[in-house]
Amino acid sequence: MIRLLDPFAWWARPAPALERARPTDAAAMAAIHAQSFRLGWDENEMLRMIADRGVVAHVIRRRAGADVAGFVLSRVAADEAEIFTVAVAPAVRGGGDAG
């Protein structure tokens with residue numbers, strides 16, 4: 001349903017981009033984590049997690065090539081999986097990019 005008061009409701013938004021995290025994303029991931037949790041993980045911890053072959057690290061960008069808007073770090077071992085953390089930048093929370 002299009003809201004009549006929103007003149008841009010018909011304008012298609014670019015699709016968010018989910019990508020594997022790269023070492024160059026570590027600083028942005030650390031900043032988002034620090035804004036999301038009382039004891040945020042620092043850039044070195046993010047780099048260690050990204051480099052760890054047992055960790056699955058993904059970032060979300062509001063569109064391809066944009067800044068990191070959020071991320072998820074998880075681990076898969078045998079037939080189990082564990083999510084370590086999920087964080088979204090405060091500026092983009094509630095914007096509808098997750099679904």
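Residues numbered from 1 in each chain as written. Predicted model: local features only at pLDDT ≥ 70, side-chain atom pairs only at ≥ 80, totals over all residues. Heavy atoms only, no water.

Peer 1: Which residues make up the packing of helix 1 (residues 26-36) against helix 2 (residues 43-51), and what values go with them?
Peer 2: Packed helices, taken two at a time, are described by the angle their axes make and the gap between the axes. Put simply, helix 1 and helix 2 touch, their axes get as near as 8 Å, and they point 120° apart. In terms of orientation, helix 1 and helix 2 fall into the oblique class. The crossing of helix 1 and helix 2 is right-handed. Here A26, A27, M29, A30 and H33 of helix 1 lie close against helix 2, whose contacting residues are E43, M46, L47 and I50. (Axes fitted to C-alpha atoms, helices over the stretch in contact; angles between N-to-C directions. Helix = DSSP H or I, 4+ residues; strand = E, 2+ residues; numbered from the N terminus. Parallel < 35°, antiparallel > 145°, perpendicular 65-115°, else oblique. Left-handed = near helix turned anticlockwise from the far one by under 90°. Contact = heavy atoms within 4.5 Å.)

Peer 1: Describe the pairing of strand 3 (residues 68-77), and please don't skip the residues or the numbers.
Peer 2: Pairing analysis gives seven bridges linking strand 2 (residues 55-61) to strand 3, with the strands arranged antiparallel. Looking at strand 3, one finds that V55 is bridged to R75. In sequence, strand 2 turns back onto strand 3 through a hairpin of six residues, with G65 there showing a positive phi of about 85°. Relative to strand 4 (residues 80-88), strand 3 runs antiparallel, the two sharing eight bridges. Looking across to strand 4, one finds that G70 is bridged to V88. What sits between the antiparallel neighbours strand 3 and strand 4 is a turn of two residues, in which A78 has the positive phi angle 55°. (Pairing = 2+ DSSP bridges.)

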